[in-house]
Amino acid sequence: MKFKSTQNKRTLIAVFIVLIVLSETTMFLATAPRPQERFFQFYVLGSNGLAADYYPQNNPNLHVNSPISWNVAVTNFMGSVQLVEIRVKLANETISAPDNVSYAPSSAPELMTFDQFILDNGTWQFPFVWSITNATTAAGSIHILRIQVNNETYNISNWSANNGYNFRLILELWVWQTNTNMLTFGWDSNGEHRTAWLQLWFNMTTPAPPPPQA
Amino acid sequence: MTRASVWLILAIAILVAVTMISPPYPVAQINQPLQPSLGQAIVAVNNAEAAGATANETAPLVALLNKALELNREASSLPTNQTEQRNAILSSVNQILTNVTNQANDLTITSAQRTYTNKIITYATGLVLAVVGTFAYVFCVELYKRYRIKRTFQMKVKPT
């Protein structure tokens, strides 16, 4: 195969340039990482691992020493290893919930924290078995005094709800920020700050467990 | 009038600076003495990932980091009078974090080299494909020319 004319050589060079641009563009598109949304999934499941059956017999009216079994989970879609902390708070109806606009966490007292490093696309799931181990009634209010979570006991300084209605456990997701070396309520994604939190309501109208049926 | 606008610009500039320096959302500090080494370890692991380290490669480092957190929790739960034991645990936590940082730095170097080699191979493959495509074009053009010549010589002249 010989190219006698200059025109043929020019055509050949043009074909080569077009092919090289096409093939290199294809290679670049095939290997370049695609931009993806960065976020966390944060959820609580019931005792059966489903988004149901959070309380025994689906009755959120609890008594002292009635154990509740949940599974708390966080999935990391941030594109890198992340350090997360879950803060568990006990609140009543009047205390403020976390604010998604001002990124303020709940002002409820913090009971405990759970922290873990999670791989990218990894899920951290742990059992959260809790029960109220001491509560009293005073002046029409129910006061929770002690709570047990995963076999650890936490004393609460007189936390009450009117007639025992509308207590709630608030779970907040805090994330380590590498630029400030601190844990932050929420995370930054595409120039925006986002927060994730959960709350599960329960009542304790009569602290004492019902008498066993004959 | 000019003075008022200058003051306004100055106030806005100060507000912007304060907002940029302090994040508008609440922050909390994990165990104060651990913070710098923990921050360094996380940044080192993130750098390794950015350099192309796979999840299989970073998983052992994450396991070590979780071990460090566990020990840190253990140290925090000790009574205040057991200072010696707490310091011993915190020292081993620091050792783990230093190991993680060093391993992550090594991983960053090997991952970056591997990513670079893969990139070279990818673009070289593109170049080879372009050369093969050019030869294929030349071959096809030649075949077409021969076909046309053959067809020309096979033509029959019909007497009118």
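The structure displayed is predicted, hence computed values, not measured ones.

Novice: Could you give me a rundown of the overall build of chain B, with the residues and numbers involved?
Specialist: Counting its secondary structure elements, chain B contains 4 helices and 1 strand. Starting at the N terminus, the α and β elements of chain B follow one another as α-β-α-α-α. Every one of the 160 residues in chain B was classed for burial, and the buried ones make up 17%. Of the contacts made within chain B by residues no fewer than 6 positions apart, 75% connect residues no fewer than 24 positions apart.

Novice: Lay out the interface of chain B and chain A in plain terms, naming residues and giving numbers.
Specialist: Contact with chain B, which involves 35 residues of that partner, is made by 32 residues of chain A. Of all the secondary-structure elements, those providing two or more residues to the side of chain B that touches chain A are strand S1 (27-28), helix H2 (35-50), helix H3 (55-77) and helix H4 (83-154) of chain B. Tallied by class, residues from the side of chain B that touches chain A come to 22 nonpolar, 11 polar and 2 charged.

Novice: Tell me about the packing of H3(B) against H4(B), and please be specific about residues and values.
Specialist: Residue and element names in this part refer to chain B. Across the interface, H3 lies against H4 with an axial gap of 9 Å and an inter-helix angle of 165°. Here H4 runs roughly antiparallel to H3, going by the angle between their axes. Handedness of the crossing formed by H3 with H4: left-handed. The segment H3 lies against H4, with Glu57, Leu61, Leu64, Leu65, Lys67, Ala68, Leu71, Asn72, Glu74 and Ala75 engaging Arg86, Ile89, Leu90, Ser92, Val93, Ile96, Leu97, Asn99, Val100, Gln103, Ala104 and Leu107. Residue composition of the contact of H3 with H4, grouped by class: 14 nonpolar, 4 polar and 4 charged.

Novice: An account of unusual backbone geometry is needed here, citing residue identities and associated values.
Specialist: Residues and elements named next belong to chain A. Residue asparagine 65 is not a glycine yet carries a positive backbone phi of 65°. Summarising the element assignment, asparagine 65 is placed in the loop between strand S1 (39-45) and strand S2 (68-77). Phi at asparagine 166 takes a positive value of approximately 65°, unusual for a residue other than glycine. Looking at the secondary structure, you find asparagine 166 in the loop between strand S7 (152-162) and strand S8 (167-177).

Scoring rules and cut-offs
Residues numbered from 1 in each chain as written. Chains lettered and ligands numbered in written order. Predicted model: local features only at pLDDT ≥ 70, side-chain atom pairs only at ≥ 80, totals over all residues. Helix = DSSP H or I, 4+ residues; strand = E, 2+ residues; numbered from the N terminus. Buried ≥ 20, exposed ≤ 12 C-beta atoms within 10 Å, placed from the backbone. Contact = placed C-beta atoms within 7 Å. Nonpolar A, V, L, I, M, F, W, Y, C, P; charged D, E, K, R; others polar. Axes fitted to C-alpha atoms, helices over the stretch in contact; angles between N-to-C directions. Parallel < 35°, antiparallel > 145°, perpendicular 65-115°, else oblique. Left-handed = near helix turned anticlockwise from the far one by under 90°.

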